[in-house]
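Structural overview
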Amino acid sequence: IPSTLLVPLLSVLNESELYKTWLPSWERPVRLGVTKSEKLGQAGRVNQVLAVGTASPWPLAEREVIIGAWAFDDIDSCGDIAVRLKGLHTNSTETDVVIPPPEGRAVRA
């Protein structure tokens, strides 16, 4: 990624509640795409727990994934930035955020 695009890219990724508005999604000919993007919790500027729901065409069930996102950097000495993403489950102990059970008939991925 060109260094001039780094700050804009990280800013967009940090606005997790807006994913539903800009990630691809279709209603026709089949319903497919992101239906929900909700921030369940945040620690610091960039560490977040997100719930992302997707619609799938029949016969597949709607899907939901809970994502733990942790970011860290060593920009001053190396110029590096890293992001760790991990799928979390209802009884996860990796975060202080209470993770609710899947909504409706959604299958948790």
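Residues numbered from 1 in each chain as written. Predicted model: local features only at pLDDT ≥ 70, side-chain atom pairs only at ≥ 80, totals over all residues. Heavy atoms only, no water.

**What to know about the pattern of salt bridges**
Oppositely charged side chains may form a pair once their charged atoms are brought near each other. The full count for this structure, using the stated rule, is seven salt bridges. When the shortest N-O distance is used, the salt bridge between Lys86 and Glu94 registers 2.4 Å. Judged by relative accessible area, which is 31%, Lys86 ranks as partly exposed. Among the residues examined, Glu94 registers a relative accessible area of 37% and is labelled partly exposed. Here the salt bridges share partners, and the residues they tie into one network are Lys36, Glu64, Glu103 and Arg108. (Salt bridge = Lys/Arg side-chain N within 4 Å of Asp/Glu carboxyl O. Buried < 20%, exposed > 50% of the residue type's maximum accessible area, 1.4 Å probe, protein only.)

**Some points on the side chain of Lys36**
Topologically, Lys36 is positioned in strand β2 (residues 32-43). According to the relative accessible area criterion, Lys36 is buried, its value standing at 15%. Here the side chain of Lys36 touches Glu64 through a polar contact of 2.6 Å, side chain to side chain. Here the side chain of Lys36 touches Glu103 through a polar contact of 3.4 Å, side chain to side chain. With sequence-adjacent residues up to four places away left out, Lys36 is seen in contact with Lys20, Ala51, Val52, Gly53, Glu64 and Glu103. (Helix = DSSP H or I, 4+ residues; strand = E, 2+ residues; numbered from the N terminus. Polar contact = N/O pair within 3.5 Å; in protein donor to acceptor, adjacent residues only side chain to side chain. Contact = heavy atoms within 4.5 Å.)

**Here we look at a negative patch on the surface**
Residues Asp73, Asp74, Asp76 and Asp80 make up a contiguous surface patch of negative charge. Summarising the element assignment, Asp73 is placed in strand β4 (residues 63-74). (Patch = residues over 30% accessible without salt bridge, like charges linked within 9 Å, V, L, I, M, F, W, Y side chains within 5 Å. Areas by Shrake-Rupley, 256 points an atom, 1.4 Å probe, with all protein chains shown as cover. Lys, Arg positive; Asp, Glu negative; His and termini not counted. Charge placed at Lys NZ, Arg CZ, Asp CG, Glu CD.)

**Notes on the environment of Val30**
Assignment of secondary structure puts Val30 in the loop between β1 (25-26) and β2. Assessed through its relative accessible area of 38%, Val30 is described here as partly exposed. In sequence terms Val30 and Pro57 are 27 residues apart; their C-alpha atoms lie 5.8 Å from each other.

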